[in-house]
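Residue-level structural notes
Letter by letter, the chains look like this.
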Amino acid sequence: MEKTTYDSLHQAFRQRVEGLKKLPPMEGRDKSIEETIEEAGFSRRDFMKWVSAVTAMLALPATFSPLMAEAVKVADRLPIIWLHMAECTGCTESLLRSANPSIDSLIFDYISLEYQETIMSAAGWQAEENLEHAIERYKGRYILMVEGGIPSGEMESFLTIGGHGKSGRAIAEETSENAAAIFAIGTCSAFGGVQAAAPNPTGAVALSEVTDKTVINVPGCPPSEKNIVGTLLHYLLYGTLPALDAYNRPKWAYRLRIHDLCERRGHFDAGEFVEKFGDNAAKDGFCLYKVGCKGPYTFNNCAKQKFNQGTSWPVQTGFGCIGCSEPNFWDTMGTVNEPLRDRLYNTVFGGLGADATADKIGVGILAAVGVGVAAHAAVAAIKPPKV
Amino acid sequence: MVAFAIHKELPMKTEQHTDTAEGYPAEITEEMEFTPAYRWQHWIRAVAILILTFTGFYIAYPFVAPAVSSEPNNFLYALMRSWHIIFGFVMIGVVILKVYLTLVGRAYKHERASLGDTLKPKVWIAQIKYYLFMGKHPHLKGVYNPLQTMAYAGLYVTFFALIVTGLVLYVHVYHEGLGALLYEPMRFFEVLMGGMANVRQIHHIAMWVVIIVVVIHIYMAIFNAVFGKNGSMDAIFSGMKWHKKH
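Sequence order as written defines residue numbering, which begins from 1 separately in each chain. Chains and ligands are labelled sequentially in the order written, the chains with letters from A and the ligands with numbers from 1. Residues qualify for local features only when their pLDDT is at least 70, as the model is predicted, and side-chain atom pairs are given and counted only at 80 or more; totals for whole chains, interfaces and linings, by contrast, use all residues. As a rule here, side-chain values come from all non-hydrogen atoms in the structure, and water together with hydrogens is ignored.

Here we come to the overall build of chain A. Note on conventions: DSSP H or I runs of at least 4 residues are helices, E runs of at least 2 residues are strands, and numbering of each starts at the N terminus. Tallying secondary structure elements over chain A gives 19 helices and 11 strands in all. Overall, the C-alpha framework of chain A stretches about 95 × 50 × 45 Å when taken along its three principal axes. To sort residues, take the accessible area from a 1.4 Å probe on protein chains only and compare it with the maximum for the residue type: under 20% means buried, over 50% means exposed, and anything in between is partly exposed. Here chain A, with 387 residues, has 51% of them falling under the buried criterion. Put simply, 72% of the contacts in chain A that link residues at least 6 apart link residues at least 24 apart. A 1.4 Å probe and the Shrake-Rupley method give the accessible areas. Residues count as covered only by the protein chains that appear here. Approximately 17200 Å² of chain A is accessible, and the part contributed by carbon and sulfur atoms is 55%. Residues count as neighbours in contact if any of their non-hydrogen atoms are within 4.5 Å of one another.

When you go through chain B residue by residue, the secondary structure sums to 8 helices and 3 strands. Classification of the 246 residues of chain B by burial places 46% in the buried group. Long-range contacts, defined here as pairs at least 24 residues apart, represent 62% of the contacts in chain B between residues at least 6 apart. Accessible area for chain B stands at about 12900 Å²; split by element, carbon and sulfur atoms hold 72% of it.

One simple way to see leftover space: roll a probe sized like a water molecule over the atoms. Points on a 1 Å grid over protein atoms alone make up a cavity when a 1.4 Å probe fits among them but cannot get out, and a pocket when they form an open set with protein on both sides within 12 Å along at least five of seven lines; lining residues each have an atom within 4 Å of a point. Grid points are joined across faces, edges and corners, and a volume is the space filled by probe spheres set on the points. In the structure shown here, the tally under the stated rule is 7 cavities of 30 Å³ or more. Volume-wise, the largest cavity comes out at about 820 Å³. If you go around the largest cavity, you meet 38 residues; those closest to its centre are Ile 59, His 84, Gly 166, Leu 169 and His 203 of chain B. Going through the elements one at a time, helix 13 (265-270) of chain A together with helix 1 (36-60), helix 2 (76-104), helix 5 (146-171) and helix 7 (196-228) of chain B are the ones with two or more residues in the lining of the largest cavity. Ranked by the residues each element gives to the lining of the largest cavity, the list is headed by helix 2 of chain B, at 9 residues. Its boundaries defined by the atoms lining it, the second largest cavity holds a volume of some 140 Å³.

With that out of the way, let us pick up the packing of helix 4 (residues 65-73) of chain A against helix 10 (residues 225-238) of chain A. All names here are of chain A. Only the contacting stretch of a helix is used when fitting its axis, a line to C-alpha atoms as for every element, and angles between N-to-C directions run 0 to 180 degrees. Closest axis-to-axis distance for the helix 4/helix 10 pair is 10 Å, and the angle between their directions is 100°. The pairing of helix 4 with helix 10 is recorded here as roughly perpendicular in orientation. Residues Met 68, Ala 71 and Val 72 of helix 4 form the contact with helix 10, whose own contacting residues are Leu 233, Leu 236 and Leu 237. Basically, the charged four are Asp, Glu, Lys and Arg, the nonpolar ten are Ala, Val, Leu, Ile, Met, Phe, Trp, Tyr, Cys and Pro, and anything else, Gly included, counts as polar. For the contact of helix 4 with helix 10, the class distribution of residues is 6 nonpolar, no polar and no charged. Orientation labels follow simple angle bins: below 35 degrees gives roughly parallel, above 145 gives roughly antiparallel, 65 to 115 gives roughly perpendicular, and whatever is left gives oblique.

Residue and element names in this part refer to chain A. The omega torsion of the bond from Ala 198 to Pro 199 falls at 5°, within 30 degrees of zero and hence cis. By the secondary structure assignment, Pro 199 is in the loop between helix 9 (187-191) and strand 8 (204-205). At the junction of Cys 221 and Pro 222, the peptide bond is cis and its omega measures out at -5° in the coordinates. Phi at Asn 200 takes a positive value of approximately 45°, unusual for a residue other than glycine. Structurally, Asn 200 can be placed in the loop between helix 9 and strand 8. If you check the backbone angles, Asn 337 has positive phi at about 70° while not being a glycine.

Right, let's get into the domain arrangement of chain A. Domain parsing of chain A yields domain 1 (10-66 + 75-254), domain 2 (258-342) and domain 3 (348-382). Just the C-alpha atoms count here: the centres of domain 2 of chain A and domain 3 of chain A sit 35 Å apart. Domain limits in this description derive from either an automatic procedure or a database domain assignment.

This part covers the packing of helix 3 (residues 44-57) of chain A against helix 6 (residues 103-110) of chain A. When two helices pack together, their arrangement is given by the angle between their axes and by how far apart the axes lie. Residues and elements named next belong to chain A. For the pair helix 3 and helix 6, the least separation of the axes is 11 Å and the interaxial angle reads 90°. Overall, the two elements helix 3 and helix 6 adopt an arrangement that is roughly perpendicular. Residues Asp 46, Phe 47 and Trp 50 of helix 3 form the contact with helix 6, whose participating residues are Ile 103, Asp 104 and Ile 107. Among the residues forming the contact of helix 3 with helix 6, the class breakdown is 4 nonpolar, no polar and 2 charged.

Once that is clear, we can look at the nonpolar core. Nonpolar core, defined: a set of buried Ala, Val, Leu, Ile, Met, Phe, Trp, Tyr and Cys residues in which side-chain atoms within 4.5 Å join the residues together. If you look at the biggest cluster of nonpolar residues, it comprises 49 residues, and the most contacted ones within it are Trp 50, Met 145 and Phe 183 of chain A. Setting aside chain neighbours within four positions, we find Trp 50 of chain A in contact with Val 72, Ile 103, Asp 104, Ile 107, Lys 226, Val 229 and Leu 233 of chain A. Within the second largest apolar cluster, 41 residues are counted, among which are Ile 49, Met 193, Val 199 and Ala 206 of chain B.

All names here are of chain A. At least two DSSP bridges between two strands are required for those strands to pair. Strand order across the open sheet formed by 5 strands is 2-1-3-7-9, with parallel pairing between neighbours. Each edge of the open sheet is held by one strand with a lone partner, namely strand 2 (113-116) and strand 9 (215-218). For this sheet, the mean angle separating the axes of adjacent strands, direction not counted, is 20°. Of the strand pairs in this sheet, strand 1 (residues 80-84) and strand 2 are connected by 3 bridges, and their pairing is parallel. Bridge pairing in strand 2 places Trp 82 opposite Gln 116. Relative to strand 1, helix 8 (residues 168-177) is tilted by about 165°, and along the sheet it contacts strand 1, strand 3 (143-147) and strand 7 (181-185).

On to the pattern of salt bridges, then. By definition here, a salt bridge exists when the distance from a side-chain nitrogen of Lys or Arg to a carboxyl oxygen of Asp or Glu is within 4 Å. Inspection of every chain in the model, using the stated rule, returns 21 salt bridges over all chains. Between Glu 18 of chain A and Lys 21 of chain A there is a salt bridge, and its shortest N-O distance comes to 3.8 Å. Remark: Lys 21 of chain A and Glu 18 of chain A occur in helix 1 (residues 2-22); sequence separation between them is 3 residues, near one turn of the helix. Three or more residues are tied together by salt bridges with common partners; here these are Asp 245, Arg 249 and Glu 326 of chain A together with Arg 187 and Glu 190 of chain B.

Our next topic: the interface of chain A and chain B. Contacts between the two partners involve 52 residues from chain A and, on the opposite side, 49 residues from chain B. Two parts placed together each lose some accessible area; with a 1.4 Å probe, that loss summed over both constitutes the buried area. Across the chain A to chain B interface the summed buried area is about 4300 Å²; carbon plus sulfur atoms make up 64%. Summed over the shared surface of chain A and chain B, the result is 2 salt bridges. Residue Arg 81 of chain B is joined to Asp 269 of chain A by a salt bridge in which the shortest nitrogen-to-oxygen separation is 3.1 Å. Any N or O atom pair separated by 3.5 Å or less is treated as a polar contact, with the protein-specific requirement of one donor-capable and one acceptor-capable atom, and with residues adjacent in sequence counted only for side-chain atom pairs. There are 17 residue pairs in polar contact (both at pLDDT 80 or more) connecting chain A and chain B. Contributions of two or more residues to the side of chain A that touches chain B are made by helix 13 and helix 19 (358-382) of chain A. Counting residues per element, the side of chain A that touches chain B draws most heavily on helix 19 of chain A, at 12 residues. A per-class count over the side of chain A that touches chain B returns 29 nonpolar, 5 polar and 18 charged.

A few words on helix 7 of chain B. Along an α-helix, residues three or four positions apart point the same way, because every turn accommodates 3.6 residues. To estimate the expected span of a helix, subtract one from its residue number and multiply by 1.5 Å. Between its terminal C-alpha atoms helix 7 of chain B stretches 46 Å, which fits the 48 Å expected from 33 residues at 1.5 Å a residue. After helix 7 of chain B finishes, the residue Lys 229 of chain B shows a positive phi value of roughly 50°.

Written as structure tokens, this is what we have:
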């Protein structure tokens, strides 16, 4: 049964790759994807190793590796429009600026980015024309990737781009309209991110708020290059959207929590915690829960895919997770390096009083109740109630 | 507090104002206020709340930890979590049982009758005046006074908030069996609350509501037992309450 399913899947992938092969590669490339990877110093063997890893990451059997390799080679047939909304360009930078670019970033760099403000040479009117041209030419075929939250409502004009003075929201709506698939890259476009944090001065919202179409969220600050390229390759092979979780994140990447995949999880269950940074427990690599790790509330695969060519990831370096791939994490996760128990709430008089933790407020109310009880009991002792 | 489900007449003596063979004054009757099921669920719930509060505080911030050593230890945190989960499910069980009994139990019709009292502003005012030492205790149709009914209703809303948030946290640790069954519905609640961090905090704040309600509850129970002089404190142990014959 299973064999048949994989066989038919293999056949479907094959057809899709063959179909893509017939399309012309995007213009403006003087080298093939293979040549680019080879020139960067990766051998064929390195490339096949990478392909096997990506195949496994997408939960496909090893027999799919050669097909995956072919899919990568035709990745430049897919037109991609990348929009920058209200953001820090960190998602783009994290892929483009590495000193030793990985195969992921090389592919990302290479694949046809018809419109990408950071890396395109065009500027001004020409840049805008390129976008209009790309939308028109690849109508219903292009993949839209959006980075950044989208200022909306009364504050929509806080993001205004180009000579036509179009708002970011208008551009996002227009490009979403004709896209074949929409990926929200990074927490800002997936959930609003830092600029949507209270009090959200620019009225920033997630990309999914400005379009009726399904948006695949690839959150993270930044998301790992594997999750971005993996989502793209998944679409390339399947031609359909991946299985999504409750927050429209691809399940293959965001199914489990940081906590579930964490290499320090054993220390958590054992009750072995770092009390403060630099203590002996920290040197022994104990759990970072008490110094504010938000891994238990965060869904991502950082522990498996890691960053910087798979070198390390925050918890491995001894710094707790900050929960960057969760919605509204700036507001809900409390202070970095402090456990969630110590999250501060604006208390009395609209925040005029000191910020307090839930425990402090609870103890305060409990003390007031105690005083009330004692006073009531004292009165009752002197003047018993009428029965 | 007059109407009770099960009414048990005690053997009468011929002489007034003398004690019965069992030691009861003859003009007093003993009545069943709380059925055995009621009392059991109350005390199981009380124990569960105690254990859940302690282990819950520990889970939020492990304030005791074994000394750093290379020796194997007793998995203290996992142990706390298992007791938390065990008593969490005990809690779910008794809360569901109690809600069922309250809604349909024949012996619980006087609990349901309490709702009628909450619709009468006069009873509210009289009850508040009684607690402020300004008036007599009002005559009630049900077993609970309006303040009490509202407090208990609020407490049950809080229990359900704790149960739902608790189950959301549960399904992300235990992915098989019941966890698998509840996974999708609980993720709906997770999204509704805006992510796991909020779920955790709602769980924590709801616990504080329970702690505060419990403290007030214990005081009010003592107050009513001392001044009501009808053995209302005994009732939660033995089920029986004293009642003057008319």
